[in-house]
Amino acid sequence: MREMEERGQRSNRRLVLVPCPFQGHITPMLNLGSLLHSKGFSIVIAHTHFNHPHPFGFPNFTFLSIPDCLPKDVLSSGDAAAIFASLNTNCEGPLRQVLSDMMAQDGATESKISCVIYDSLMYCAEAAAQYVKLPSMALRTSSIGTQLIFSELPRLQKEGYFPAKDHSSKDPVPGAYPLRCKDLPLFTSDPEPMMRLIATTLDIKTSSAILWNTVDCLEKQLSDQVQKKYHVPFFSLGPLHKVAPASPTSILEEETECLSWLDKQANNSVIYVSLGSLASMDEREFAETAWGLAKSGQPFLWVVRPGSVRGSEWIELLPEGFKEAIGDTGHVVRWAPQKDVLAHRAVGGFWTHCGWNSTLESISEGVPMICRPCFMDQNVNARYLCHLWRVGLELEGDLDQKEIEQAVRRLMAGEEGKEMRLRAAAFKDQIKLSIEKGGSSHAAIEELVNFIISL
Ligand code: UDP
C-alpha cells in the first residue's frame, strides 16, 4: 500500500533524460528510463533529430526532439571530437528552452522536474540544467576502467606514453595496470581535440551524482578508486539491460528470424560475430574474416552492418565461392537482436569489438569472447576481458584467415575456451545475484530512487 502511494507521488516527478545519439549510448539511457519508470517516475526523453530513438516500445515516455543542426560535413567527417563539439554547442540553447517551457507548464500543476540525467558526452545538458536551476546527474555508458585511464591520459601524455608510439608494444604502462601500451585508448584522429573532449566529460561541474552502467562484481575496486576523485555519490546500477524491463532500443531493424536459425543449432556451437554499431573493416579484412569463419567449420551468425565494409553497401564484397563453401553453416544478417542472440542456448562464443554494451551483454549471459577491439575504449575493455576477468582471448595483428580459424577453434572447441566459458558462467551467476534483492545493483537502484526524491 505504502509502495503504491509512493509510486503515485513519484509519477508527479519527471526526469528529463538526454541521450547521446549513438546506439551504444541510446540503449543504456533508454534502459535507465525504463528502470526509473518502473520505479514510478515519469520519463521525458529529450533527444536530437540526428539518430533519434524510436518511441514505439515506450508508450509511457514523452519524447521531445531537440534541433541539433549537425552539419552534414561534420557528420560525414567521422571526426568524433568535432561531432560532439557541434552537438553540444547546438543543443544547449534548445535544451534550455525545453526545460524552461516544461517548468513554466509545471507551475500550475502538481508535477515537477526532479532532475536532468544526461549522457556525459552530452555535457551541454548540465549547463542547460544549471541555467534553469535544475539538478543534474551524469550517466556514464563506458566502463569505470575506461574512465580511470581517461583521467590518467594527461599524465601519460606528459610522460610520453600517450598516444602510444608503438600500437603493438606489450610494455606495461606505469600506474595503469593492467594496461600495456597497446591497450591505451586508440583515437583514429588527432588526439588533442579528443583529449579536450575527454577532459570536458570528466568534469561533471554542478552535477549531483554519477550513474554507471556497470556492476560491482566486475568493477567495485575501480569504482572506489575513481570515486576518490569526485565529491558526489556513484551508483553502479548495471547491467542496465538486465535491471530494466525489456524494451526495443535498436535504431536499426533487428532481423529476428536469425533466432529460428539458432534454434536449429546444437548447444554452445555457434560463434556470434559483430563489431557493434560504428566499427568498420576494409575489403581484405572482410575476405579474411569470411574465409576464417568458413574454414573453422564452426556454425556462425555474422552481423555485417550495411556500410560497415568500406567501399560497399552490404555483402557484395564477399569472396567468390564463400556462400557455396558455407552452405547452411553460416548465417549473415544486417542487424541482430543481440541480447536474445547472446542469451540463446546455441551461442557458445562471441567475436566482439569489445564495446562496453557488448561486453556487459556477453558476460551477463556467460558467453566467452574473441576480442578484436577497434578504437577508443574498446582496447581497454579487451584487456580487462582477456587479462583480468579471463573470459576472452585476443585476436591480434592484421586479420588473417588462418589465425581467425585457430582463434575460433580455441574458443569453441579448445580447453582454454572451456575454462573461459566456466569463468563467464560464474560471472553470469554473480551478475544475477547482483541484480536480485540483497545484491549490489539492486541496492544501488533503491539508493538512487531515494536520492532523486531527496533532491
Ligand atoms: N547490437 C545489436 N545488434 C547488432 C549489433 C549490435 O542490437 O547486430 C547492439 C548491442 O546489443 C549493443 C549495441 O548495439 O547494445 C552496441 O553497443 P557497444 O557499446 O557494444 O558498441 P558500439 O556500437 O557503441 O561500438
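Summary of the structure given here. Predicted model only: the values in this text are computed from it and were never measured. (Residues numbered from 1 in each chain as written. Predicted model: local features only at pLDDT ≥ 70, side-chain atom pairs only at ≥ 80, totals over all residues. Heavy atoms only, no water.)

## Some thoughts on the sheet that holds strand β13 (residues 392-394)
Ordered in space as β10-β9-β8-β11-β12-β13, the 6 strands form an open sheet in which the pairing is parallel. In this open sheet, the two edge strands, each paired with only one partner strand, are β10 (330-333) and β13. Sheet twist, expressed as the average angle between the axes of neighbouring strands with direction ignored, equals 20°. Inspection of the sheet shows strand β8 (residues 270-274) paired to strand β11 (residues 347-352) by 5 bridges, in the parallel sense. Each bridged residue has a counterpart across the sheet, and for I271 the counterpart in β11 is G349. (Pairing = 2+ DSSP bridges. Helix = DSSP H or I, 4+ residues; strand = E, 2+ residues; numbered from the N terminus. Axes fitted to C-alpha atoms, helices over the stretch in contact; angles between N-to-C directions.)

## Here's the deal with the state of the cysteines
For the structure on display, the rule yields 0 disulfides. Not part of a disulfide, C91 finds its nearest cysteine sulfur in C124, a span of 5.3 Å. Take C115: it sits in no disulfide, and the sulfur closest to it among the cysteines is that of C124, at 16 Å. Assessed through its relative accessible area of 0%, C115 is described here as buried. (Disulfide = S-S within 2.5 Å. Buried < 20%, exposed > 50% of the residue type's maximum accessible area, 1.4 Å probe, protein only.)

## As for the site of the ligand
The full set close to the ligand counts 18 residues, and S277, A336, N357, S358 and E361 are the nearest of them. At 2.9 Å, a side-chain N or O of H353 approaches an oxygen atom of the ligand. The contact in question runs from an oxygen atom of the ligand to an N or O atom on the backbone of W356, over 3.5 Å. Compared with its free state, where it exposes 540 Å², the ligand has 95% of that area covered by protein. For the shell around the ligand, the elements supplying multiple residues, two or more each, are α2 (23-38), β8 and α14 (356-364). In terms of residue count, α14 provides more of the shell around the ligand than any other element does, 4 residues in total. (Near = heavy atom within 4 Å. Polar contact = N/O pair within 3.5 Å; in protein donor to acceptor, adjacent residues only side chain to side chain. Areas by Shrake-Rupley, 256 points an atom, 1.4 Å probe, with all protein chains shown as cover.)

## Topic: α2
Taking 1.5 Å of rise per residue, the 16 residues of α2 would be expected to cover 22 Å, and the 22 Å separating its terminal C-alpha atoms lies within 8% of that figure. In terms of residue burial, α2 counts as a mostly covered element, since 13 of its 16 residues are buried. Within two residues after α2, G40 carries a phi angle of roughly 105°, on the positive side. (Expected span 1.5 Å × (residues − 1).)

## What to know about the pairing of β10
Residue alternation in β10 divides its side chains into two sets, G330 and V332 and H331 and V333, and both sets are buried. When strand β9 (residues 300-303) meets β10, the two strands line up parallel, connected through 4 bridges. Within β10, the position partnered with L301 by the bridge is H331.

## Topic: the nonpolar core
Core analysis: the largest hydrophobic core is formed by 90 residues, its most contacted members being L262, Y272, L301, V341, I363 and W389. Ranked by residues supplied to this core, first place goes to helix α4 (residues 80-106) with 9 residues. The next biggest cluster of nonpolar side chains, apart from the first, holds 30 residues, and it includes I26, F58, C115 and A209. (Core = buried A, V, L, I, M, F, W, Y, C linked by side-chain atoms within 4.5 Å.)

## Quick look at the sheet that holds strand β5 (residues 136-140)
Adjacent strands of a sheet pair through backbone hydrogen bonds, lying either parallel or antiparallel. Strand order in the open sheet formed by 7 strands is β3-β2-β1-β4-β5-β6-β7, with parallel pairing between adjacent strands. On the outer flanks of this sheet lie β3 (62-66) and β7 (234-236), each paired with one strand and no other. Each strand of the sheet is rotated relative to its neighbour by a mean of 25°, with strand direction disregarded. Of the pairings in the sheet, the one linking strand β6 (residues 210-212) to β7 comprises 3 bridges and is parallel in character. In the strand pairing of β7, W212 is matched with S236. Here helix α18 (residues 440-454) sits on the sheet and contacts β1 (13-18), β4 (112-119), β5, β6 and β7; the angle it forms with β7, its principal contact strand, is near 140°. (Contact = heavy atoms within 4.5 Å.)

## Description of the packing of α4 against helix α7 (residues 191-202)
One can describe the packing of α4 onto α7 by two numbers: an axis separation of 8 Å at closest approach and a directional angle of 45°. With respect to α7, the element α4 is oriented oblique. Two packed elements cross with a definite hand, and for α4 against α7 that hand is left-handed. Only P193, M194 and L197 of α7 make contact with α4, whose side of the interface consists of A80, A81 and F84. (Parallel < 35°, antiparallel > 145°, perpendicular 65-115°, else oblique. Left-handed = near helix turned anticlockwise from the far one by under 90°.)

## Looking at the side chain of R180
With respect to the helices, strands and loops of the structure, R180 is situated in the loop between α6 (144-158) and α7. Excluding anything up to four places from it in sequence, R180 contacts S169, K170, D171, P172, V173, R383 and E394.

## Here we look at the pattern of salt bridges
Per the counting criterion, the structure on display carries 22 salt bridges. With a shortest N-O distance of 3.8 Å, R334 and E255 are connected by a salt bridge. Here R334, found in the loop between β10 and α13 (338-343), pairs with E255, found in the loop between α9 (240-243) and α10 (258-263); they are 79 residues apart in sequence, far enough to count as distant. Taking the shortest distance from any N to any O, the salt bridge between K402 and E405 comes out at 3.7 Å. Within this pair, K402 and its partner E405 are both found in helix α16 (residues 401-413), separated by 3 residues, close to a single helical turn. Note on K402: relative accessible area 46%, which makes it partly exposed. (Salt bridge = Lys/Arg side-chain N within 4 Å of Asp/Glu carboxyl O.)

## Re the packing of aromatic side chains
Across all of its chains, the model carries 16 aromatic pairs by this definition. Seen in terms of ring centroids, F22 and F84 are 5.8 Å apart; in terms of plane orientation they differ by 70°. Their pairing is edge-to-face. Remark: F84 occurs in helix α4 and F22 occurs in the loop between β1 and α2; sequence separation between them is 62 residues. Taken individually, F22 and F84 each receive the classification buried, so the pair is uniform in this respect. Aromatic pair Y230 and F234: ring centres 5.8 Å apart, planes at 55°, arrangement tilted. (Phe/Tyr/Trp six-rings, centres within 6.5 Å; stacked < 30°, edge-to-face > 60°.)

Coordinates in, geometry out; function isn't part of it.
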